[in-house]
Amino acid sequence: MKKITILLLAVLIFYVPCMTAYAETPEQKGATISAAVPATHVITFISSGGRIEDVDSTVGGHKEYGRRSEQPFHIIPDDGKEIDKVLYGGEDVTSKVKDGYFTTPPLVADMVFEVIYRDIPVEPVSEPSETPSVHQPSDSPAKTGDTEQAAVLIIAVLLMVFSAALIMKCKNIAN
Amino acid sequence: MKKIIALLSAAAMLSAASATAFAAEINESTDSKQADVTISTSVAPAYTVSIPVNANVAFNAAETDFGSVSLESARLAPNKAVEVTITSDFDLNNSADNTAVIPYTLKATKGTATETVGTGYSAKLQNTGDKVALTINIAQADWDAAAAGDYSDTVTFNIAYVDAV
């Protein structure tokens, strides 16, 4: 009996691969492509020399914001500092900062927001000179005192001309 | 027992034989002492085609490898080929809102030629090792416009045995 079983199995093994090799009828198979779009994105902040309102850490701080939201940020430099450059996602957006405010375009990916500050230049204080200069540079605006002096001078000249004319008139009448 | 085994062996031999020979009769009265005998057999075509498995596209990825359609083994008749037809609507559909989609394209490279897979694209494979490499491409503008959520789409591969030309 065992021999018969072995023989039948041998016949079956020999027969089955021949069946599966035929493939003349069309066949269909599918493959799925999938993707996920996150609901939030992270902005990382770098702001050494000032702070960005609503952000705690000046360096490496980060916050999550909703996808496609436009976020306004107020940049507040430390005392003696001013904004030098603002980079958003590596792009220089300094020209888009108005009165210290910058609003991001719709957020569609994680971003880095970096503000670079510089020292406000100190203007040299000119000491008052002991001998006041007589001549003003041509390009400097006239001061109030100088205007008054000129007016007095003109009035004096006019008075002198008027007086001379009056004297001449009196002499003519006397003659 | 021996008789049974002999019977089974004979049956197996008979079933395995796929060609039948017919004897031609020649005798002393036949004019010609020659006769032609045709031996015929038939080898069925067989092939194995591998298609891409499911693929996940990373967020904001411009190009993602989608694997390839390749002829792993082939025993084809002359002037025959295996034709692979790709169909898809080329939109990844949002699972929560089917009006929200991310358009994508498939690019197929066969040899050195690359072309964008359109509706009804097909390629013929004839030799073992022939393949069409596929990539999934999504434009950055389409990523930027996409609403949050999970997206998917099914690409169907139809395999048929056709004339090569």
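Residues numbered from 1 in each chain as written. Chains lettered and ligands numbered in written order. Predicted model: local features only at pLDDT ≥ 70, side-chain atom pairs only at ≥ 80, totals over all residues. Heavy atoms only, no water.

Moving on, we come to the overall build of chain A. Across its full length, chain A holds two helices and nine strands. Seen in sequence order, chain A has helices and strands lined up from the N terminus as α-β-β-β-β-β-β-β-β-β-α. Here chain A, with 175 residues, has 21% of them falling under the buried criterion. Considering only contacts within chain A whose residues lie at least 6 apart along the sequence, 64% involve residues at least 24 apart. (Helix = DSSP H or I, 4+ residues; strand = E, 2+ residues; numbered from the N terminus. Buried < 20%, exposed > 50% of the residue type's maximum accessible area, 1.4 Å probe, protein only. Contact = heavy atoms within 4.5 Å.)

Moving on: the interface of chain A and chain B. Chain A puts 30 residues into the contact, and the matching count from chain B is 45 residues. Both faces considered, chain A and chain B share a buried interface measuring about 3,000 Å² in area, 61% of it formed by carbon and sulfur atoms. The interface formed by chain A and chain B holds zero salt bridges in total. Our count for the chain A to chain B interface comes out at 15 residue pairs in polar contact (both at pLDDT 80 or more). Looking at the side of chain A that touches chain B, the elements with two or more residues in it are α1 (2-20) and β1 (27-37) of chain A. Per-element accounting of the side of chain A that touches chain B gives the leading share, 11 residues, to β1 of chain A. Grouping the constituent residues of the side of chain A that touches chain B by class yields 18 nonpolar, six polar and six charged. Bridge count between β1 of chain A and strand β2 (residues 55-57) of chain B: three bridges; the pairing is parallel. (Buried area = accessible area lost by both parts, 1.4 Å probe. Salt bridge = Lys/Arg side-chain N within 4 Å of Asp/Glu carboxyl O. Polar contact = N/O pair within 3.5 Å; in protein donor to acceptor, adjacent residues only side chain to side chain. Nonpolar A, V, L, I, M, F, W, Y, C, P; charged D, E, K, R; others polar. Pairing = 2+ DSSP bridges.)

What follows concerns the pattern of salt bridges. Residue and element names in this part refer to chain B. A full pass over the atoms with the stated rule returns four salt bridges over all chains. A salt bridge links K80 to D163; the nearest nitrogen and oxygen atoms lie 2.9 Å apart. Here the residue K80 occupies a position in strand β4 (residues 80-87), and D163 occupies one in strand β11 (residues 149-163), the gap between them amounting to 83 residues. A residue is classified by how much of its surface remains accessible, and K80, at 25% relative accessible area, is partly exposed.

Taken together, the side chains of L153, V157 and V161 of chain A define a hydrophobic patch exposed on the protein surface, amounting to about 290 Å² of accessible area. Counting through the fold element by element, V161 of chain A comes out in helix α2 (residues 144-174). (Patch = residues over 30% accessible without salt bridge, like charges linked within 9 Å, V, L, I, M, F, W, Y side chains within 5 Å. Areas by Shrake-Rupley, 256 points an atom, 1.4 Å probe, with all protein chains shown as cover.)

This part takes up the sheet that holds strand β8 (residues 113-117) of chain B. All names here are of chain B. Ordered by their spatial adjacency, five strands build an open sheet running β1-β3-β10-β7-β8, and the pairing between neighbours is antiparallel. Each having just a single partner strand, β1 (46-50) and β8 make up the two edges of the open sheet. Across this sheet, the average inter-strand angle for adjacent strands is 20 degrees, counted without regard to direction. Alignment of strand β7 (residues 105-110) against strand β10 (residues 131-137), held across five bridges, turns out to be antiparallel. By the bridge assignment, T109 is partnered in β10 with A133. (Axes fitted to C-alpha atoms, helices over the stretch in contact; angles between N-to-C directions.)

The next point concerns unusual backbone geometry. All names here are of chain A. The phi angle at R68 is positive, at roughly 70 degrees, despite the residue not being glycine. Mapped onto the elements of the fold, R68 is located in the loop between β4 (59-66) and β5 (72-77). Exposure remark for R68: the relative accessible area of 38% places this residue in the partly exposed category. Phi angles above zero are rare outside glycine, and D99 is one such case at about 50 degrees. Take D99: it is sitting in the loop between β7 (91-92) and β8 (101-103).

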